[in-house]
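# Results of the structural survey
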Amino acid sequence: MIKKIFSIALIMAFVILLPACKQEKSLKSDNNKVTNKKAEITVYLPEGQQLDNKYYKDEQVAINYLPNNKSEFTEKEVNDIANNIDKHVKVLVISTEKTGLEGVFKKVKEKLPGVITVAGDIGEMHNNELYTVLKNPNLDVAFTVEKNKIGLESAQIAKLMGASRFIYLSKIKSDNREINQDMQSVKEYCDNNGMKFENIVVNNDAPYTDIISKIKKVADKQIDKTAVFPSEKSLSKDVLEGALKEGYMVANINSENDGELLAEVLNMSDDYKKLSREKFDSKVSEKLKQYNLNGKIAGISEGIDSIPSELTIEIAKFMYEKNYMIEECYRDVSVIARGNRNLKLSILPKDIGLSLGYSRNLLVTPRIY
């Protein structure tokens, strides 16, 4: 009898622990190997890349992490991913800045032609192999995200925030070739919309104090009506910390991961790890009220690199819920709708070039906190 009671108690304890296990997440690969979770929507991401926490608790979604290789992925890793995909998988998403995984799509399509294959900003889309990606008959969808020409959208956000001055912050020796072109479009927008445009250039190793003193000098006692855009990610932390202290607007945080940076400077790391993106954003807004900056800071909490994967997940869930065909869901109007309704983001899809599938470069406007 005692053994029976003990067995029942053990089973109940195991059942209770099951939901908790589902909620646990790791942003790393398994001993430097590709993890092999699978669900209707199966996603592969680089180590450390964060999605909205709600997806880790979603039984329709399996999130895997790729090993942090120094070079391109190997044939073994291609096979590991392809072998993990079976008849239970409806959508496969691969997102990585490294090359070598394009071959996965062919192997998957050969055994399971019905699986929808999605490339989210894979490495081949950023070099001379882009043409082969666009012409790959085994790839249904390809997304990239615009990371360079984003100053104009930031100026438009600044206008919505009520800014009368827009500061485009850049470095002397920028490695971003498109900054000058982006800056010119921002200047034209400011000239036509009643905002004073300023370009502040800082040294590559400029300390926080130098950056902030230059911003304050240009703001000229109108700091609360000034919006600052850090055109390079290495400037984002100083700009955000300066905003909390000085009270200027940040029309686009533009960091490697805006949510992680906000969590760091606002002392909200536990919230970022545990809360859904929507709840985290709500708490950020409340926190910014303490600095009189609610509605004056804009960013993308899950990080810009995560948008192709999150967008694909939402489109796939919508497609199967409504029993739509892929052609109905992967149109510009549908992509825009899913961005607005499900991610609370304004997303503008732009043609990359002639392709066999649906291929778009996504211009993403940050959320205002």
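Residues numbered from 1 in each chain as written. Predicted model: local features only at pLDDT ≥ 70, side-chain atom pairs only at ≥ 80, totals over all residues. Heavy atoms only, no water.

Further remarks concern the pattern of salt bridges. According to the stated counting rule, one finds 20 salt bridges in the structure shown. Here Glu 314 ties to Lys 54 by a salt bridge, and the two come within 3.6 Å at their closest N and O atoms. Placement of Glu 314 in helix α12 (residues 307-322) and of Lys 54 in the loop between β1 (41-46) and β2 (61-66) is noted, with a sequence separation of 260 residues between them. We classify Glu 314 as buried; its relative accessible area is 7%. The exposure class of Lys 54 is partly exposed, given its relative accessible area of 37%. Salt bridges sharing common partners tie together Arg 277, Asp 281, Glu 302 and Arg 367. (Salt bridge = Lys/Arg side-chain N within 4 Å of Asp/Glu carboxyl O. Helix = DSSP H or I, 4+ residues; strand = E, 2+ residues; numbered from the N terminus. Buried < 20%, exposed > 50% of the residue type's maximum accessible area, 1.4 Å probe, protein only.)

As a packed pair, α12 and helix α14 (residues 332-342) sit with axes 10 Å apart at the nearest point and diverge in direction by 100 degrees. In terms of axis orientation, α12 runs roughly perpendicular to α14. Between α12 and α14, the residues in contact are Leu 311, Glu 314, Ile 315 and Phe 318 and Val 335, Arg 338, Gly 339 and Asn 342, respectively. Grouping the constituent residues of the contact of α12 with α14 by class yields 4 nonpolar, 2 polar and 2 charged. (Axes fitted to C-alpha atoms, helices over the stretch in contact; angles between N-to-C directions. Parallel < 35°, antiparallel > 145°, perpendicular 65-115°, else oblique. Contact = heavy atoms within 4.5 Å. Nonpolar A, V, L, I, M, F, W, Y, C, P; charged D, E, K, R; others polar.)

Below, the discussion takes up helix α7 (residues 208-219). Here α7 is 12 residues long and its end C-alpha atoms lie 17 Å apart, about the 16 Å a rise of 1.5 Å per residue gives. Asp 220 sits one or two positions beyond α7 and adopts a positive phi of about 55 degrees. (Expected span 1.5 Å × (residues − 1).)

Here Arg 338 shows up in helix α14. Notably, Arg 338 is buried but unbridged: the nearest opposite-charge side chain belongs to Glu 314, and the N-O separation is 6.0 Å. (Lys, Arg positive; Asp, Glu negative; His and termini not counted.)

The next thing to look at is the environment of Ser 306. Here Ser 306 lies in the loop between β10 (298-299) and α12. Remark: the alpha-carbon pair of Ser 306 and Gln 49, spanning 257 residues in sequence, is separated by 7.2 Å. Setting aside anything within four residues of it in sequence, one finds Ser 306 in contact with Gln 49, Gln 50 and Leu 51. A distance of 3.1 Å separates a polar side-chain atom of Ser 306 from the backbone oxygen of Glu 302. (Polar contact = N/O pair within 3.5 Å; in protein donor to acceptor, adjacent residues only side chain to side chain.)

Now for the packing of aromatic side chains. Across all of its chains, the model carries 7 aromatic pairs by this definition. With 6.1 Å between their ring centres and 85 degrees between their planes, Phe 143 and Tyr 358 make a pair best called edge-to-face. Here Phe 143, found in strand β5 (residues 141-145), pairs with Tyr 358, found in strand β12 (residues 358-365); they are 215 residues apart in sequence, far enough to count as distant. Its relative accessible area of 9% is what places Tyr 358 among the buried residues. Between the aromatic rings of Phe 166 and Phe 229, the centroid separation amounts to 6.4 Å while the plane-to-plane angle is 25 degrees, which identifies the pairing as stacked. Here Phe 166 is found in strand β6 (residues 165-171), whereas its partner Phe 229 is found in strand β8 (residues 226-230), with 63 residues between them in sequence. Exposure remark for Phe 229: the relative accessible area of 1% places this residue in the buried category. (Phe/Tyr/Trp six-rings, centres within 6.5 Å; stacked < 30°, edge-to-face > 60°.)

With that settled, consider the confidence of the model for the protein chain. Residues at a pLDDT of 70 or more form 90% of the protein chain, whose mean pLDDT is 89. Low pLDDT, under 50, characterises residues 2-23; the predicted model gives this stretch 6 contacts beyond four residues in sequence or across chains. (pLDDT = per-residue confidence, 0-100.)

We now examine the side chain of Thr 42. Residue placement: Thr 42 occurs in strand β1. Residue contacts for Thr 42: discarding those within four places in its chain leaves Lys 37, Ala 62, Asn 64, Ile 85, Val 89, Val 91, Leu 92 and Val 93.

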